[in-house]
Amino acid sequence: MPKCPTDATGDGRKTLLIVDDHPVLRRGLTALIESEPGLVVNGSVGSRTAAFAAIEASRPDLVIVDLMLDRDDGLDLIKEIKTRHPGTRSLVLSFYDEAAYAERALAAGALGYVTKQQMETTLLTAIRRVLSGEIYMSEALQRRLAERYVSGHTLEATSTMRALSDRELQVFQLVGEGRTTRQIAAMLGRSIKTIESHVEHIKNKLGIESAAELAQRATQWVETARRG
Amino acid sequence: MMLTGRTKAIASEFAPPAHSEPDVIEIADRERRRLGRELHDGLCQSLAGIAALTAALSRDLAANVGPGPAASASEILRLLNEAISEARDLARGLTPVAVRGRSLVDALGALARNVSRAHGTHCVLIDDGRCPSLRGETTTHLVRIAQEAVRNAISHGKADEIEIRLDCRCSMAVLSICDRGVGLPEDFRDRAGLGLHTMEYRADAIGGALKVAPHPVRGVVVTCAFPLPAPAGHRGADAQMPN
Ligand SMILES: Nc1ncnc2c1ncn2[C@@H]1O[C@H](COP(=O)(O)OP(=O)(O)OP(=O)(O)O)[C@@H](O)[C@H]1O
Ligand SMILES: [Mg+2]
């Protein structure tokens, strides 16, 4: 059974860790969160390794995770937090459209999804909700999930993407951002062969025939995901 | 065709021999996606961070100083949020319009709408409704030509009005992009970046020709004349080049 958030500060305040690779964003986020009485940011880091060091050292009540970290994948990080530290809650803060990534984030173990465009208005509410043990999602996402539950399917463009595994989607996203296979391999710490094999699977699953068509579709996907 | 020879000459000058023409186009597309990414994942993040800082400041001022200063901070926050939307739109505008599976008219229409929305420039498509269906590759080249011409019209020409026209004859068609901007500098050929070269490549690749010229009144016109597939039962009767 997951533990209730511990009272790490000893005075009833909740502690948070920020994982985002952008320093200005981390700085602003810290100020915003700490403007709320009862919340303390006791760490802000930019990578997976640093995140685990911080979690082990300070046992935060909540980790706020950016999905697109420079070197690491946010979804992987959330899954790993869930297995290694089941008592630590996580919340996603991303610039990418909720329709593109929120469900995957929740499936990975996050308890909420907030887009950076709505940061000032919804982040603090989302943090409160998640800290009190609830799940936070926007009304639009609640509606979409309910509709799918009722109808058993969805007509959105993002739905065909559901066939892709998290890793395949990550590769697809990187292709759409204009990265080469070599760059993707270096970023993910995998061999070029592995990435090529992911690419083959993606092509099969999406019925894509050529490299040019893959680039086109991936670009289109990124464009949609940025619509936020 | 003269233009073709010239395009090739320029090509060998800026592309290392190891790169074939499609490679060069591929590189240009990739570069555009990279810029879009940097805007989205770099600049937008900074702005969002500053917006969050400002939100914190505004709360602090409201609690400890007074409503006047807090309102000023909120004003800054509102402006920052507008700037973020603009930067995000720009990041999208830089992402090539998706062409796959679309007709030329459709894709050009989407381009015009994107541009109008993202840049606040009036960009319209005027099409004579006579464009036959084209090969996917041809459509892609034409849309990319229009996209680069529009990009130039906005960034160099500071144009607030852009017309994309598509005129189809029996065996020939002309795509033109006409802006009401500041016009071409004398030495624009010497300033050429990837844009003009790539447009010429693309025109060449579909058997057409590209012309970049001053508009008779004001601004710039980019024209790409290209052959249409012969319709079944017709043999190119009036194959003369327009203009
Ligand atoms: N619509 C226009 N209005 C005014 N000047 C233009 C226009 N189109 C092109 N130019 C001029 O022609 C030059 C060459 O254009 P080109 O697209 O090749 O290069 P660029 O836009 O500077 O670089 P790149 O396209 O590689 O980013 C531009 O630098 C600009 O001076
Ligand atoms: Mg240009």
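Residues numbered from 1 in each chain as written. Chains lettered and ligands numbered in written order. Predicted model: local features only at pLDDT ≥ 70, side-chain atom pairs only at ≥ 80, totals over all residues. Heavy atoms only, no water.

Colleague: So what exactly am I meant to see when it comes to the coordination of the magnesium ion (ligand 2) here?
Modeller: Ideal geometry at a metal centre gives angles of 109.5 degrees when four donors are arranged tetrahedrally and 90 or 180 degrees when six donors are arranged octahedrally. Residue and element names in this part refer to chain B. Around the magnesium ion (ligand 2), the protein contributes the donor atoms E148 (OE) and N152 (OD1), which lie 2.1 Å from the metal centre. Of the two residues, E148 and N152 are both situated in helix α5 (residues 136-155); the distance of 4 residues between them amounts to about one turn of the helix. The exposure class of E148 is buried, given its relative accessible area of 12%. (Donors = N, O, S within 2.8 Å, 3.2 Å for Na, K, Ca; no water. Helix = DSSP H or I, 4+ residues; strand = E, 2+ residues; numbered from the N terminus. Buried < 20%, exposed > 50% of the residue type's maximum accessible area, 1.4 Å probe, protein only.)

Colleague: Got a minute to help me understand the interface of chain B and chain A in this structure?
Modeller: Counting from both sides, the interface comprises 34 residues of chain B and, opposite them, 34 residues of chain A. Summing both partners gives a buried area of about 2900 Å² for chain B against chain A, and 55% of it is carried by carbon and sulfur. Run the count over chain B and chain A and you get 1 salt bridge. Linking E36 of chain A and R59 of chain B is a salt bridge whose minimum nitrogen-to-oxygen distance equals 3.0 Å. Taken together, the links from chain B to chain A amount to 8 residue pairs in polar contact (both at pLDDT 80 or more). (Contact = heavy atoms within 4.5 Å. Buried area = accessible area lost by both parts, 1.4 Å probe. Salt bridge = Lys/Arg side-chain N within 4 Å of Asp/Glu carboxyl O. Polar contact = N/O pair within 3.5 Å; in protein donor to acceptor, adjacent residues only side chain to side chain.)

Colleague: Please explain the environment of T223 of chain B as it appears in this structure.
Modeller: All names here are of chain B. Inspection of the secondary structure assignment puts T223 in strand β5 (residues 220-227). Remark: the alpha-carbon pair of T223 and K211, spanning 12 residues in sequence, is separated by 5.2 Å. If near-sequence neighbours (up to four positions away) are discounted, T223 is found in contact with V174, L175, S176, A209, L210 and K211.

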